[in-house]
Amino acid sequence: MLEDCIQETLLDQNKLAAGSDRLMAIQQCELVLVHIFPLGEDTLVSDRPKKQISPLLTSEVHSVRAGRHLATKLNILVQQHFDLASTTITNIPMKEEQHANTSANYDVELLHHRDAHLEFFKSGDLHMAGSTSRDSGLKETVTLKWCTPRTNSIELHYCTGAYRISPTDVNSRPSSCLTNFLLNGRSVLLEQPRKLGSKVISHMLSSHGGEIFLHVLNSTRSTLEDPPSISEGCGGRVTDYRITDFGEFMRENRLTPVAESIPNPGGKVPADRAKAQLERYTRYWPMIISQTTIFNMQAVVPLANLIVREVLSEEDVLTCQKTVYNLVDMERKNDPLPISTVGSRGKGPKRDEQYRIMWNELETLVKTHAAASDRHQRVLECIAACRSKPPPEEEEQRKKRGRKREERAEEHRAEKNGGNAKEAAAAAAAAADDKSWQDSERYGDEGAGAAHPKLKGALEKEEAESEVIKDSPDSPEPLNKKPRLATEEVQPSEKTKGPVSLLALWTNRITVANSRKHQEFAGRASSVNNKTELYQHLKDDNGMDVHENGKASR
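(A) Highlighting the packing of helix 9 (residues 351–367) against helix 10 (residues 374–387). The N-to-C vectors of helix 9 and helix 10 enclose an angle of 160°; their axes lie 10 Å apart at closest approach. Taken together, the axes of helix 9 and helix 10 are roughly antiparallel relative to one another. For the pair helix 9 and helix 10, the crossing hand works out as left-handed. Residues Arg356, Trp359, Asn360, Leu362, Glu363, Val366 and Lys367 of helix 9 lie in contact with helix 10, whose contacting residues are His376, Val379, Leu380, Ile383 and Arg387.

Structure below.
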């Protein structure tokens, strides 16, 4: 009955307002009935949630005991009606009345507009707690901590909002002390309670013109600060993003206003065409440099820019085919590819493996667009034809040339590192000496003059080379050298009794090789017991007897 009466009254008032220039029509009315019953008695009226009677009227019924419970209920209804929220300031230091030298921490609960907690709702970082006041009717409240040191009102803070506040318990001593403290021109920073990490200051209490406001401070990055590092994004420590390519991608896919007079091919709305283009450009688009090969190659740029188009011309197809042929030529020349070795040990994949990865990625890119038209399919067929293996002999020759080129590059690097090369040569010589020593021990029992077959072959080769050098007309005249002893005299007699040492083998080899490289002195060649008679022509001419000391006697 009461609801019907109010509904009729609203309709009559709206009719009067429609015929008047000074009255406004009622657009929404909320009817809240509160049934109050005394303490110690049971209620005869039950609560009823909000119910919509008409587009203009809603009604609800609440039943509450008299006394402090009524104030609590009215507090809840006020919050719902004015869209308010609660914030509890904790750890407020206040001096005791009885003990002026001591202080205790108190909590004060404030009411303000719900938008002051908007950043908390967005980030999900709500610090909800139960109400601390005995008479408070708030079911949930956000807890903020008193931050020391306090700030001065002269300082400027980057605020995103300011909302009036009112203490829930206006007459309590903690609320009165906090209100007087703020009205005297002081400001207080409030921080979010955290168990770990640095503190985050999110709000500030300050007064303006005799009214207290809760200021919302920007706790996240400000637009006035420098842009964040790319390593702080969702990718973590990944930093090799294709930033330059992404900038070019954004320039190619910018949205611009389209005039209605421009013809619309295919009958598509411009927004749909833009979405279709964006879908084509992102079918295959690696985000990280180390995850792609073809997008790091300048030779593939023409094909990559053309294949994403919706329609290809004959010139576009020829350009794509020319790009493929250039890649084939690069593979034939065994040119290096920009393969990333991040996260891998060693030199990375071999050259053949690099080209296999490149061809697979290129085929993947073209396959995503091959169904667009026949000309796109022709580009894919060109890649498939070029990927077919050449004849076995040509493939083997190409691999040999590639290996020779790599060996020459290794030798060039070894020459640059002279110290390392010398150490490697010394190690190889030591290994060869050890092997010769083992062979000499193995074959030492066969006789003093017996040597390893490999050593004999080396000696014979040295002899042949010395003969060629000696008989060559371009070879210089041999130098005068010290008397050479016979090979038999060099060898000690005790060599026949045991294995031949490495020193003896090496000395014999050098002696024999050097003896073949010069012409022996004629006198030494015709000497007897390594002695020869000098000045024989003088004896023949003058009939003089020449002694060994060169003095003549008659």
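Anyway, onward from the coordinates.
(B) Local environment of the packing of aromatic side chains. Tallied over the full model, the rule gives six aromatic pairs. Arranged with centres 5.9 Å apart and planes meeting at 50°, the rings of Trp146 and Phe181 form a pair that is tilted. You can see Trp146 sitting in strand 7 (residues 141–151) and its partner Phe181 sitting in helix 4 (residues 173–183), a full 35 residues away along the chain. Pairing Phe249 with Trp285 gives two aromatic rings, centres 5.7 Å apart and planes at 45°, and the pair type is tilted. Of this pair, Phe249 sits in helix 5 (residues 243–252) while Trp285 sits in the loop between helix 6 (270–281) and helix 7 (301–307), and the two are 36 residues apart along the sequence. Residue Phe249 is classed as buried on the basis of its relative accessible area of 11%. Pairwise contacts between aromatic rings join Phe246, Phe249, Tyr281 and Trp285 into one cluster. Here the guanidinium or amino end of Arg242 rests over the ring plane of Trp285, the centre of that ring lying 4.2 Å away.

(C) Region of the structure containing the sheet that holds strand 2 (residues 48–54). A sheet is described by the order of its strands in space; here three strands give the open sequence 1-3-2, paired in mixed fashion. Bordering the open sheet on either side are strand 1 (29–37) and strand 2, each of which pairs with just one other strand. On average, each strand axis in the sheet is tilted by 20° relative to the strand beside it, whichever way the strands run. One ladder, built from nine bridges, connects strand 1 with strand 3 (residues 57–65); its direction is parallel. Directly across from Ile36, in strand 3, lies its bridge partner Val64.

(D) Just the pattern of salt bridges, in detail. Per the stated rule, a full pass over the model turns up 15 salt bridges. Here Arg242 ties to Asp245 by a salt bridge, and the two come within 2.9 Å at their closest N and O atoms. Asp245 gets classed as partly exposed once you look at its relative accessible area, which sits at 28%. Via salt bridges that share partners, Glu314, Arg375 and Arg378 belong to a single interconnected network.

Calculation criteria
- Residues numbered from 1 in each chain as written.
- Predicted model: local features only at pLDDT ≥ 70, side-chain atom pairs only at ≥ 80, totals over all residues.
- Heavy atoms only, no water.
- Axes fitted to C-alpha atoms, helices over the stretch in contact; angles between N-to-C directions.
- Helix = DSSP H or I, 4+ residues; strand = E, 2+ residues; numbered from the N terminus.
- Parallel < 35°, antiparallel > 145°, perpendicular 65-115°, else oblique.
- Left-handed = near helix turned anticlockwise from the far one by under 90°.
- Contact = heavy atoms within 4.5 Å.
- Phe/Tyr/Trp six-rings, centres within 6.5 Å; stacked < 30°, edge-to-face > 60°.
- Buried < 20%, exposed > 50% of the residue type's maximum accessible area, 1.4 Å probe, protein only.
- Lys NZ or Arg CZ within 6 Å of the ring centre and 35° of its normal.
- Pairing = 2+ DSSP bridges.
- Salt bridge = Lys/Arg side-chain N within 4 Å of Asp/Glu carboxyl O.

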